[in-house]
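One-letter residues, chain by chain:
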Amino acid sequence: MFRISQFKSLLQLEFLLEWRSRFAIYTVIVYALSTSYISYLAFQGDVNLKTWNSLLWIIILFSAVFAAQRSYSGQSGYRFYTFYQLSSPAELLLAKVTYQMLFQAVMAIFIYAVFSLLLGNPVASVTNFILTLIFGAMGFAGVLSMTSAIASKTDSNLGLVSILSVPIMLPILLSAMKASSIALMDADADIRLYLYALLGLNATIIMLSYLLFPYIWRE
Amino acid sequence: MKMSWWKIAGVILVIYTIVMGFLGEVPKLAILHETIRNLYFHVTMWFAMIALLVVSLVYSIKHLLSDGKSTAQAGNAVDSNSWSNLLLKNDTVAAEAAHVGMFLGLMGLFTGMLWAQFTWGSFWVNDPKLNGTAVTLLVYTAYFILRGSFNDENKSARISAVYNIFAFVLMIVFIGILPRMTDSLHPGNGGNPAFSNYDLDSNMRMVFYPAVIGWTLIGVWMLTLRIRIKKLENKIQ
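Residues numbered from 1 in each chain as written. Chains lettered and ligands numbered in written order. Predicted model: local features only at pLDDT ≥ 70, side-chain atom pairs only at ≥ 80, totals over all residues. Heavy atoms only, no water.

Regarding the overall build of chain A
Next up, step 1: Across its full length, chain A carries 8 helices and 0 strands.
Next up, step 2: For 219 residues, the compact-globule estimate of 2.2 N^0.38 gives 17 Å, and the C-alpha radius of gyration of chain A, at 18 Å, lies within 12% of that figure.
Next up, step 3: Over its C-alpha atoms, taken along the principal directions, chain A stretches across nearly 55 × 35 × 30 Å.
Next up, step 4: The buried share of chain A, reckoned over its 219 residues, is 51%.
Next up, step 5: Of the accessible surface of chain A, which amounts to about 10,000 Å², a share of 67% is contributed by carbon and sulfur atoms.
Next up, step 6: If you average the places of the 12 positive and of the 9 negative side-chain charges in chain A, the two averages end up 9 Å apart. (Helix = DSSP H or I, 4+ residues; strand = E, 2+ residues; numbered from the N terminus. Rg over C-alpha atoms; globule rule 2.2 N^0.38 Å. Buried < 20%, exposed > 50% of the residue type's maximum accessible area, 1.4 Å probe, protein only. Areas by Shrake-Rupley, 256 points an atom, 1.4 Å probe, with all protein chains shown as cover. Lys, Arg positive; Asp, Glu negative; His and termini not counted. Charge placed at Lys NZ, Arg CZ, Asp CG, Glu CD.)

Right, dumping it as structure tokens:
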């Protein structure tokens, strides 16, 4: 059962909740800023392309993990029962995944901007690079919303999100890094193959989440 | 002890593999030399690992499909004799198959590392297949950690089954599809000819395929033993 109106209002609710507890957004932003600044200080402006690319992706990966840890944290107790009665798991999951994907994509572009400001912007093809960032971050968001849902059901979920998600985010990370390193060095290279691979991964993740989420959600 | 024909077959096939693997004729190839015999152990153990991980996956799916019914029957309470409860039976098989699969995976990894040292000059090289191995081991370690972090057995079984399915599919994408997009030192990738092109001659095939079946059967035997231990532990409690 999937109702568009339910999906819309759940998505709105996600934005609303995030806006009300702005400290959560600030946490991620400050995390991104401070890690970028640490890399700026550590490298003293002397950073080659490969290091630049790897650092950027590592920071994006961990800020994504960081941000995802709280996406189900408010989902216990009374609020859980309300959602449970009002909407189907599919609607809830798709609203969460959509929100997370948007959020992570924006965060990835933000981190890229901070990075360019501090460590310089060596990217040859900005369009390709930003497309890779968006698809990669969306993949992270997809895996993370599933694993953080899993972790939220455990009895001791400290740090469990990263343990569960990092190994399965590796395929996304490696193909995204490959695509972005091509976009870094070559202005008019064709990276469509990698973008399709990333899109395929994203589609697989969403399909799997759609099939499996009802089993997590049931209490 | 139950002596089944397939256990005997497994033992005979593995003995055959070991004897023929060390004494049989192998093609003389540059760089590889006699290390090519490792093919009977390294590659075949990985085949057996994949077989057991597929068993684990199938039982996880079975668990999720039967979950709703059994919970309704048991009235959501953990049965005193929970083995009769179909629910946890499937889950136990899935977990134990993952254990045995991981053991075979580690064996495959060690034999592979030795092989890499003597042919590529280093125990660990940056190669898509090795990264795949590392990811597989990490994923299943995470699976075991996840299993341990619940107080409620039924919940643990259900959520771990979800993670098992989710992780397995992405892992297969990682070890099956992505390596084909990049270069690899392994045969059959990135311009390296596949084994079948030049050296899996009929002699080697005669050992290789029995070895795959043999290791898989031994793996399944280990699995049944582990399940029996679990059953007994369950009875004692």
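Overview of the packing of helix α5 (residues 89-119) of chain A against helix α6 (residues 126-152) of chain A
Packed helices, taken two at a time, are described by the angle between their axes plus the distance between the axes.
Residue and element names in this part refer to chain A.
Next up, step 1: Packing of α5 against α6 leaves a shortest axis separation of 8 Å and a crossing angle of 140°. Looking at the two axes, α5 sits oblique to α6. Classified by chirality, the crossing of α6 by α5 is right-handed. For the pair α5 and α6, contact is made by Val-97, Gln-100, Met-101, Gln-104, Ala-105, Ala-108, Ile-109 and Tyr-112 and by Val-126, Phe-129, Ile-130, Leu-133, Ile-134, Ala-137, Met-138, Ala-141, Gly-142, Leu-144 and Ser-145, respectively.
Next up, step 2: Residues belonging to the contact of α5 with α6 are distributed by class as follows: 15 nonpolar, 4 polar and no charged. (Axes fitted to C-alpha atoms, helices over the stretch in contact; angles between N-to-C directions. Parallel < 35°, antiparallel > 145°, perpendicular 65-115°, else oblique. Left-handed = near helix turned anticlockwise from the far one by under 90°. Contact = heavy atoms within 4.5 Å. Nonpolar A, V, L, I, M, F, W, Y, C, P; charged D, E, K, R; others polar.)

Comments concerning the confidence of the model for chain A
Next up, step 1: Model confidence for chain A is summarised by a mean pLDDT of 84, while 93% of its residues fall at 70 or above.
Next up, step 2: Taken element by element, the predicted model of chain A shows its lowest mean pLDDT in helix α4 (residues 77-86) of chain A (70) and its highest in α6(A) (90). (pLDDT = per-residue confidence, 0-100.)

Notes on the interface of chain A and chain B
Next up, step 1: Contact with chain A, which involves 31 residues of that partner, is made by 30 residues of chain B.
Next up, step 2: With both chains or domains summed, chain A and chain B bury close to 2,700 Å², and 78% of this area falls on carbon and sulfur atoms.
Next up, step 3: Considering only the side of chain A, the residues that lose the most area to chain B are A:Asp155, A:Ile168 and A:Tyr215, jointly responsible for 20% of the buried surface there.
Next up, step 4: Where chain A packs against chain B, one counts 0 salt bridges.
Next up, step 5: On inspection of chain A and its partner chain B, the count reaches 3 residue pairs in polar contact (both at pLDDT 80 or more).
Next up, step 6: The set of elements that each furnish at least two residues to the side of chain A that touches chain B consists of α6, α7 (160-185) and α8 (192-217) of chain A.
Next up, step 7: For the side of chain A that touches chain B, the leading source of residues is α8(A), giving 11 residues.
Next up, step 8: Classifying every residue of the side of chain A that touches chain B gives 20 nonpolar, 6 polar and 5 charged. (Buried area = accessible area lost by both parts, 1.4 Å probe. Salt bridge = Lys/Arg side-chain N within 4 Å of Asp/Glu carboxyl O. Polar contact = N/O pair within 3.5 Å; in protein donor to acceptor, adjacent residues only side chain to side chain.)

Some thoughts on the packing of aromatic side chains
Residue and element names in this part refer to chain A.
Next up, step 1: Within the structure shown, the criterion is met by 12 aromatic pairs over all chains.
Next up, step 2: On the numbers, 5.3 Å between centres and 50° between planes, the contact of Tyr-37 with Tyr-40 is tilted. Placement of the pair is Tyr-37 and Tyr-40 together in helix α2 (residues 22-43), with a separation of 3 residues, close to one helical turn.
Next up, step 3: Exposure remark for Tyr-37: the relative accessible area of 42% places this residue in the partly exposed category.
Next up, step 4: On the basis of relative accessibility, which here comes to 31%, the residue Tyr-40 falls in the partly exposed class.
Next up, step 5: Taken together, the aromatic side chains of Trp-52, Tyr-112, Phe-115 and Phe-129 make up a single cluster linked through ring pairs. (Phe/Tyr/Trp six-rings, centres within 6.5 Å; stacked < 30°, edge-to-face > 60°.)

Details of α6(A)
Next up, step 1: Over its 27 residues, α6(A) runs 37 Å from end to end, which matches the ideal 39 Å to within 8%, given 1.5 Å per residue.
Next up, step 2: Summarising burial for α6(A): 20 of the 27 residues are buried, a large majority. (Expected span 1.5 Å × (residues − 1).)

A few points about the packing of helix α1 (residues 4-20) of chain A against α5(A)
Residue and element names in this part refer to chain A.
Next up, step 1: Running from amino to carboxyl end, α1 crosses α5 at an angle of 45°, the nearest separation of the two axes being 9 Å. As judged from the angle between their axes, α1 and α5 are oblique. Crossing hand, α1 versus α5: right-handed. Across the interface between the two elements, Gln-6, Phe-7, Leu-10, Leu-11, Glu-14, Phe-15 and Glu-18 of α1 pack against Glu-91, Leu-92, Leu-94, Ala-95, Lys-96, Thr-98, Tyr-99, Leu-102 and Phe-103 of α5.
Next up, step 2: Looking at the contact of α1 with α5 residue by residue, the classes come out as 10 nonpolar, 2 polar and 4 charged.

Structural notes on the nonpolar core
Next up, step 1: By size, the foremost hydrophobic cluster in this structure holds 127 residues, and its most contacted members are A:Trp52, A:Leu56, A:Phe129, A:Phe140, B:Tyr140, B:Tyr163 and B:Phe166.
Next up, step 2: Considering each element in turn, this core owes the most residues, 14 residues, to α5(A).
Next up, step 3: When residues no more than four places from it in sequence are discounted, the contact partners of B:Phe166 are A:Val143, A:Met146, A:Ile168, A:Ile205, A:Leu208, A:Ser209 and A:Leu212. (Core = buried A, V, L, I, M, F, W, Y, C linked by side-chain atoms within 4.5 Å.)

Remarks on the confidence of the model for chain B
Residue and element names in this part refer to chain B.
Next up, step 1: Summarising the model, chain B shows a mean pLDDT of 77, and 74% of its residues fall at 70 or more.
Next up, step 2: Across residues 74-80, where pLDDT falls below 50, the model places 6 contacts with residues more than four positions away in sequence or in other chains.
Next up, step 3: In the model, residues 190-194 has pLDDT below 50 throughout and makes 12 contacts with residues more than four positions away in sequence or in other chains.

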